[in-house]
Amino acid sequence: MINLYFIGSAGSGKSSLTNAFFGWMENQRYDAITVNLDPGIEKAPYVPDVDIRDWVKLDEVMEEYDVGPNGAQVLASDLIALNIDEMKEIIDSFDSDYVIFDTPGQMELFVLRQSGKFLIDTLGADQSIIGFLYDPVISKTPSGFISLMLQAASVQVRFNVPFINILPKSDLLTEDERNRIMNWSMNMADLEDEIHNEAPSMQSQLSIEFLSALKSFGANQNIIPASSTYGSGMEGIYNTVQQIYFGGEDLRRD
Ligand SMILES: Nc1nc2c(ncn2[C@@H]2O[C@H](COP(=O)(O)OP(=O)(O)OP(=O)(O)O)[C@@H](O)[C@H]2O)c(=O)[nH]1
Ligand SMILES: [Mg+2]
């Protein structure tokens, strides 16, 4: 069983990708289920097989604890931890090859608070993989892309499980923009050149320092362009996950 977590900033396309990737797997007759971990999700584009809202609902937390939406997000993410054992039992009962997790909109709650790490560890860190979503609009500029690389690195440090980089909503980018971003993810030297070409500033100096740290961290790893709207990139994601866990071996179809 592989646990695949889609993590990314608010609105980066996690829920849509959960839906698109699950749909693709189903089409290929692979065995997968979806788990919604977002207690505040209003309308999921898919019907989750396991839903955190069966235990914790954001609007109920707001009412019960008399807190606003942001306080409720914090509380809810801690409350999730209390229900993990029960959730694990249900997930296990599906005995599925792939479990696709849609994580909460507020990425920092899942990444930085104890509950996210506790959840991944309890459900099995040694069978987990994180798909990190790079917001396509932010990724267009060198400094934006570097900021996202830093964010990705901090998620990687936090969870310490295999990691893949995804460029979601790639249909919103021109082919040139897409190629440029894909090249940056592989060739940090090109990214550095672009920053050197900018007018020198505090920001560009910082970007270069960060890049050098990212280089020694080994952050250059190719990014997989995907579009949930057009269903593209799903095979790339699947092949990369299989490569990491099974050396490229295909799943048996049912
Ligand atoms: N053009 C395009 N739009 C997309 C794609 N995927 C998602 N979107 C749109 O982007 C917006 C956010 O998508 P979601 O899937 O809800 O993103 P999310 O990361 O789950 O959002 P939160 O859970 O609120 O943080 C929605 O309006 C989607 O319709 C895509 O591949 N292409
Ligand atoms: Mg969502």
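Everything in this summary refers to the structure shown in the same document. Everything numeric in this text was worked out from a predicted model, so none of it was measured.

Rules used throughout
- Residues numbered from 1 in each chain as written.
- Chains lettered and ligands numbered in written order.
- Predicted model: local features only at pLDDT ≥ 70, side-chain atom pairs only at ≥ 80, totals over all residues.
- Helix = DSSP H or I, 4+ residues; strand = E, 2+ residues; numbered from the N terminus.
- Rg over C-alpha atoms; globule rule 2.2 N^0.38 Å.
- Buried ≥ 20, exposed ≤ 12 C-beta atoms within 10 Å, placed from the backbone.
- Contact = placed C-beta atoms within 7 Å.
- Expected span 1.5 Å × (residues − 1).
- Arc of directions from axis to C-beta.
- Pairing = 2+ DSSP bridges.
- Axes fitted to C-alpha atoms, helices over the stretch in contact; angles between N-to-C directions.
- Near = placed C-beta within 6 Å.
- Nonpolar A, V, L, I, M, F, W, Y, C, P; charged D, E, K, R; others polar.
- Core = buried A, V, L, I, M, F, W, Y, C linked by C-beta atoms within 7 Å.

### Remarks on the overall build of the protein chain
At step 1: Of regular secondary structure, the protein chain possesses 11 helices and seven strands.
At step 2: Relative to the compact-globule value of 18 Å for 254 residues, the protein chain shows a C-alpha radius of gyration of 19 Å, a close match.
At step 3: If one aligns the C-alpha atoms of the protein chain with their principal axes, the spans along those axes are about 55 × 50 × 30 Å.
At step 4: For the protein chain, buried positions account for 39% of its 254 residues.
At step 5: Within the protein chain, contacts between residues at least 6 apart in sequence are counted, and of these 74% link residues at least 24 apart.

### Quick look at helix H11 (residues 234-246)
At step 1: If you check H11, its first and last C-alpha atoms are 18 Å apart, about what 13 residues at 1.5 Å a residue would give, namely 18 Å.
At step 2: For H11, the complete set of buried residues consists of Met234, Ile237, Tyr238 and Thr240. Seen along its axis, H11 keeps its buried residues to an arc of 165°; they face one direction.
At step 3: Contacts made by the buried residues of H11 are with helix H1 (14-27), strand E5 (128-133), strand E6 (163-167) and strand E7 (223-225).

### With respect to the sheet that holds strand E1 (residues 2-8)
Backbone hydrogen bonds hold the strands of a sheet together, and the pairing may be parallel or antiparallel.
At step 1: Taken together, the seven strands give an open sheet; going across it, the order is E3-E2-E4-E1-E5-E6-E7, and neighbouring strands pair in parallel fashion. Two strands lie at the open edges of the sheet, namely strand E3 (50-51) and E7, each paired on one side alone.
At step 2: Where E5 and E6 come together, four bridges link them in parallel fashion. The residue of E6 that forms the bridge with Phe132 is Asn165.
At step 3: Across the sheet, helix H8 (residues 175-186) touches E6 and E7, and the angle it forms with E7 is around 160°.

### Quick look at the site of ligand 1
At step 1: Close to ligand 1 lie 17 residues, the nearest being Lys14, Ser15, Ser16, Gly105 and Thr229.
At step 2: Sort the elements by how many residues they give to the shell around ligand 1 and H1 lands first, with three residues.
At step 3: Class assignment for the residues of the shell around ligand 1 results in three nonpolar, 10 polar and four charged.

### Notes on the nonpolar core
At step 1: Membership of the largest hydrophobic core comes to 57 residues, with the highest contact counts inside it found for Ile7, Phe21, Val99, Ile100, Phe101 and Ile166.
At step 2: For this core, the element with the highest residue contribution is helix H7 (residues 142-159), accounting for seven residues.
At step 3: Those residues in contact with Phe101, other than ones at most four positions away along the chain, are Asn3, Leu4, Tyr5, Phe6, Val35 and Leu37.

### Quick look at unusual backbone geometry
At step 1: Located in the positive-phi region is Arg29, a residue other than glycine, with phi close to 60°.
At step 2: Residue classification places Arg29 among the exposed positions, given that 10 C-beta atoms sit within 10 Å.
At step 3: For Asn160, which is not a glycine, the phi torsion comes out positive at approximately 55°.
At step 4: Looking at where Asn160 falls in the secondary structure, it is placed in the loop between H7 and E6.

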